[in-house]
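Structure assessment
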Amino acid sequence: MSKDIKESFEKTRIAGSIASKALDEVAKIIQPGITTEKIDDLCYEFINDHGAYSAPLFYRGFPKSCCTSTNHVVCHGIPSDKVLKDGDIINVDVTAYKDNWHGDTSRMFSVGEISIKAKRLIKTTYKSLMKSIEILKDDVPLGDIGSTIQQHVESEGFSVVQDFCGHGIGQKFHEEPSVLHYGKKGSGEKIKAGMIFTIEPMINLGNYETKILNDGWTAVTKDKSLSAQFEHTVGITKDGYEIFTQSKNLDNPKI
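Residues numbered from 1 in each chain as written. Predicted model: local features only at pLDDT ≥ 70, side-chain atom pairs only at ≥ 80, totals over all residues. Heavy atoms only, no water.

**Concerning the environment of K222**
- For K222, the position within the fold is in the loop between β12 (219-221) and β13 (227-229).
- Residues K222 and I212, spaced ten residues apart in sequence, show a C-alpha to C-alpha distance of 9.3 Å.
- Apart from the residues lying within four places of it in its own chain, the contact partners of K222 are E209, T210 and K211. (Helix = DSSP H or I, 4+ residues; strand = E, 2+ residues; numbered from the N terminus. Contact = heavy atoms within 4.5 Å.)

**Quick look at the environment of C75**
- Of note, C75 is situated in strand β3 (residues 73-75).
- Each residue touching C75, except ones within four places of it in the same chain, is listed here: S69, F164, M202, W217, T218, A219 and Q229.

**Here's the deal with the state of the cysteines**
- Taken as a whole and assessed by the stated rule, the structure comprises zero disulfides.
- The closest cysteine sulfur to the non-disulfide-bonded C66 is located on C43, 4.2 Å from its own sulfur.
- Looking at C66, the relative accessible area reads 0%, which means it is buried.
- No disulfide involves C75; its sulfur sits 7.6 Å from that of C67, the nearest cysteine.
- Take C75: its relative accessible area is 4%, and that puts it in the buried class. (Disulfide = S-S within 2.5 Å. Buried < 20%, exposed > 50% of the residue type's maximum accessible area, 1.4 Å probe, protein only.)

**So, the pairing of strand β5 (residues 101-110)**
- Burial of β5 is extensive: nine of the ten residues sit out of reach of the surface.
- Inspection of the sheet shows strand β4 (residues 89-98) paired to β5 by ten bridges, in the antiparallel sense. Across the sheet, residue N91 finds its bridge partner in β5, namely M108.
- Connecting β4 to the antiparallel partner β5 that follows it, the hairpin turn spans two residues, and D99 within it adopts a positive phi of roughly 50°. (Pairing = 2+ DSSP bridges.)

**Regarding the packing of aromatic side chains**
- Going through the model one piece at a time under the given rule, you end up with four aromatic pairs.
- Both rings, one in F9 and one in F244, keep their centres 5.2 Å apart while their planes meet at 90°; by these two values the pair is edge-to-face. Linking F9 in helix α1 (residues 3-29) with F244 in the segment after β15 (241-243), this pair joins segments that are 235 residues apart in sequence. F244 carries the same exposure label as F9, and that label is buried.
- Centroid distance F62 to W217: 5.0 Å. Interplanar angle 85°. Geometry classified as edge-to-face. You can see F62 sitting in the loop between β1 (53-54) and β2 (67-70) and its partner W217 sitting in the loop between β11 (210-212) and β12, a full 155 residues away along the chain.
- When its relative accessible area of 2% is taken as the criterion, F62 is described as buried. (Phe/Tyr/Trp six-rings, centres within 6.5 Å; stacked < 30°, edge-to-face > 60°.)

Right, dumping it as structure tokens:
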């Protein structure tokens, strides 16, 4: 591993760990009655206390430090005075920026007792992410990631959102390559050792189509069906991969 790649992995590892630990803290407060604003406050303070900056804050005008996407919100939900209710599901998406490098991750949380369908959706989404990560190594076609996700998700009767994708990440928040969560095995450029990018499948209970609300950010399912998402930042090695945003205790959804 070259000196430059080694440094990029080391710095992404630190930023990714802060982001992951912020979500570990979120897990401790998720319950009916709290607001998404409280989640945002916690993420901002935790990331700041660890010498990092919440990258979403003011990014292209985004007003908050994290994204909170509940129920039929697919992604980019804006924290507010919205109160979480028993039975809700919520994705919290955080990105820590430290020493000029980013660590980006998101996780699903259950609020109180959720439905059987919601549990299945969350488990399927998480498994699709992990199955796609397990195939990663130098020279694998980028399309194999999307193909792996789509095959698993559709076999479970759900649909893959096509309007958003994973992305290269490093000193910039978003860069090449675009990482689609659907597609054809064997297609696309070959991934190479040293690359760092996110995989972040958004999976819907109903149709895959989405729309953006008037705030210019919040993406929702057109048919108002539930949506779930998990995200990791990963680095490619010669023989495999490293997950920079893995939680030691709370990564796998406990549902």
